[in-house]
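# Close look at the chain arrangement
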Amino acid sequence: MLETKVGFSVYFSKCYKKQSEKIVIFEVKGCFAMEQLEAYWPTSSWRTVAPQVLGMQPADFATLCARG
Amino acid sequence: MQRCAQEDERIHSLLLVRSGYIVFEEYYHGWSQNKYHNVNSVTKSVTSALVGVALREKLIDTLDRPLLSFFSEYDARNGEADGVLLRHLLSLTSGLVSPPGDIDTFLEHTASLERILSRPAKHEPGQVFAYDDIDIHLVSLVLSRVTGMSTAAFALAYLFEPLGIWCDEQGEPYPWQHGKASEDTPHPWGLQDGQLLWSVDRQGNTIGAFGLQLTAREMAKFGYLYVKRGIWDGRQIIPAEYVQASIRAYSSTSKGADYGYCWYILHKRRQNAYLALGFGGQLIVCLPDLDMLFVMTAQPTIERPPAHSNVLDKGLWPLVEALEAK
């Protein structure tokens, strides 16, 4: 079970339930969460998803902009 | 995170796709989703992809076709390009020598086919990598010959339209023409096409090596096509064999990576990773093992190391390693 702060957009209702001030995502890691994603081709537009759904954390991206 | 990117005023966009979904997308310094960007030599990877499309359409039978066979009017005795095959151009191993490039010399040396094909040879074809815009421009001229249309028009009909590139989200083409997107300044080494966002030479030929403009999201679509081995929405846009051949190493570059058919092969850094790279930090990094790709655009600068060096070394690769460790 993985906790994340309220205010983060989670699109897949099967994956979470609201608990007072927190959203709890079940089994975010691994295949369960990925199975909730609809397969599509981004011909007209890309879709965005909260990184947690794919087992990632916003903090994972902190290194992307790190400067030496 | 945004503050970090703002420290390097050259970075215009960063975008990360995983499993077909955007999980990270930021724009800086006035750039946005709907702003077209010169992708510089990422153009070469698109031109290479179009050779794959031409193979699919049977407009080209083999990459082992001699270059001069596409230009029967040219007298081979006037140059040293006799042994050069199409695949040598794609892997930048033609052995032909071009003059140092600048704004005047590229347009001057592509002003006539005779001049392009009469370049002297320094090495045997297929032996030595030499980064050369004119070799890939020749690929564009080959494409025009076999398709009967400009390379840009061929791209539009056979590659961009299926992927929804150069279209808005309603499928309307040329969004920059009706105010839904804005275009970048044309590449300084080329001339404006007038309608399409792809520069031309003095004869009106689409420049194969640079001059294309895409949005960051369109760059991601192109990269995603390669991550998916040339398949898009059930259609094999580029033959899988050609995709595979494109990301095989044929030679070594001075940048520490090997080179395929206009893709940098990063297997020394990471197995099965490859990169389309344009001057000044325009890049598409494909990581098919993670079903992931990364796009960046930036303001080119000559006097400083390119903006992408830090982003890759201190940003993307640690991220990839962290994901793998999970």
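So, a few notes on the structure that sits alongside this text. Keep in mind that what you see is a predicted model, and the values were worked out from it rather than measured. (Residues numbered from 1 in each chain as written. Chains lettered and ligands numbered in written order. Predicted model: local features only at pLDDT ≥ 70, side-chain atom pairs only at ≥ 80, totals over all residues.)

### What about the overall build of chain B?
Our working definition: Only DSSP runs of H or I with at least four residues qualify as helices, and only runs of E with at least two residues qualify as strands; both kinds are numbered from the N terminus onward. Atoms considered for the radius of gyration are the C-alpha atoms alone. The globule rule reads 2.2 Å times the number of residues to the power 0.38. Whether a residue is buried, exposed or partly exposed follows from its count of other C-beta atoms within 10 Å of its own C-beta, namely 20 or more, 12 or fewer, or something in between, respectively; the C-beta atoms are built from the backbone.
A count of helical and extended segments in chain B gives 10 helices and 12 strands. Scaling as 2.2 N^0.38, a compact globule of 326 residues should have a C-alpha radius of gyration of about 20 Å, and chain B matches this with 19 Å. When its C-alpha atoms are laid out on the principal axes, chain B stretches across 60 × 45 × 45 Å. Burial analysis of chain B (326 residues in total) assigns 49% to the buried set.

### Describing the overall build of chain A
As a reminder, the rule being used: Two residues qualify as a contact pair if the distance between their C-beta atoms, derived from the backbone, is within 7 Å.
The helix and strand tally for chain A stands at one helix and four strands. Taken from N to C terminus, the helices and strands of chain A fall in the order β-β-β-α-β. Looking at the 68 residues of chain A, the share that counts as buried comes to 26%. Summarising the internal contacts of chain A: among those between residues at least 6 apart in sequence, 34% fall at separations of at least 24.

### A short note on the interface of chain A and chain B
Note the cut-off: All amino acids are sorted into three groups, where Ala, Val, Leu, Ile, Met, Phe, Trp, Tyr, Cys and Pro are nonpolar, Asp, Glu, Lys and Arg are charged, and the leftover types, Gly among them, are polar.
Of the residues lining the interface, 26 residues belong to chain A; the matching set on chain B comes to 34 residues. A breakdown of the residues in the side of chain A that touches chain B according to their chemical character gives 15 nonpolar, seven polar and four charged.

### Here we look at the packing of helix 2 (residues 42–56) of chain B against helix 6 (residues 133–147) of chain B
Residue and element names in this part refer to chain B. Stated formally: Note on geometry: axes are C-alpha line fits, over the in-contact stretch for helices, and angles between N-to-C directions span 0 to 180 degrees. Any angle from 65 to 115 degrees is called roughly perpendicular, while one under 35 is roughly parallel, one over 145 is roughly antiparallel, and all others are oblique. Here a crossing is taken to be left-handed if its near helix is turned anticlockwise relative to the far helix by less than a right angle, and right-handed if that turn runs clockwise.
Following both chains from N to C, one finds helix 2 and helix 6 inclined at 30 degrees, their axes separated by 10 Å at the closest point. With respect to helix 6, the axis of helix 2 lies roughly parallel. Classified by chirality, the crossing of helix 6 by helix 2 is left-handed. On the side of helix 2, the interface is formed by Lys44, Thr47, Leu50, Val51 and Ala54, while helix 6 contributes Ile136, Val139, Ser140, Leu143, Val146 and Thr147. In terms of residue class, the contact of helix 2 with helix 6 is made up of seven nonpolar, three polar and one charged.

### Structural notes on helix 8 (residues 216–227) of chain B
Residue and element names in this part refer to chain B. Let me state the cut-off plainly: What a helix should span is 1.5 Å times the count of its residues minus one.
Taking 1.5 Å as the rise per residue, helix 8 with 12 residues should run 16 Å; its terminal C-alpha atoms sit 16 Å apart, in good agreement. Of all 12 residues making up helix 8, 12 are buried, and the element is well covered by its neighbours. Considered for burial, the residues of helix 8 that qualify are Ala216, Arg217, Glu218, Met219, Ala220, Lys221, Phe222, Gly223, Tyr224, Leu225, Tyr226 and Val227. Following helix 8 by one or two positions, Arg229 has its phi on the positive side, about 55 degrees.

### Description of the environment of Pro162(B)
In this structure, Pro162(B) sits in helix 7 (residues 151–163). A C-alpha to C-alpha distance of 8.2 Å links Pro162(B) and Ile237(B), two positions 75 residues apart in sequence.

### Section: the pairing of strand 1 (residues 11–18) of chain B
Residue and element names in this part refer to chain B. Going by this rule: When DSSP finds at least two bridges between two strands, those strands are taken to pair.
With eight of its eight residues buried, strand 1 lies for the most part within the structure. Alignment of strand 1 against strand 12 (residues 292–298), held across seven bridges, turns out to be antiparallel. Of the residues in strand 12, the one forming a bridge with Leu16 is Phe294. Judged from the six bridges that link them, strand 1 and strand 2 (residues 21–27) form a sheet pairing that is antiparallel. Paired with Leu16 across the bridge in strand 2 is Phe24. Between strand 1 and strand 2, which pair antiparallel one after the other, the connecting turn spans two residues, and Ser19 there sits at a positive phi close to 50 degrees.

### Description of the sheet that holds strand 7 (residues 251–252) of chain B
Strand order across the open sheet formed by nine strands is 4(A)-2(B)-1(B)-12(B)-11(B)-10(B)-9(B)-8(B)-7(B), with mixed pairing between neighbours. Only two strands of the sheet have a single partner each, and these edge strands are strand 4 (47–48) of chain A together with strand 7 of chain B. In this structure, strand 11 (residues 282–287) of chain B lies alongside strand 12 of chain B, joined through five bridges in antiparallel fashion. Of the residues in strand 12 of chain B, the one forming a bridge with Leu287(B) is Met292(B). Against the sheet, helix 2 of chain B engages strand 10 (274–278) and strand 11 of chain B, with an angle of about 120 degrees to strand 10 of chain B.

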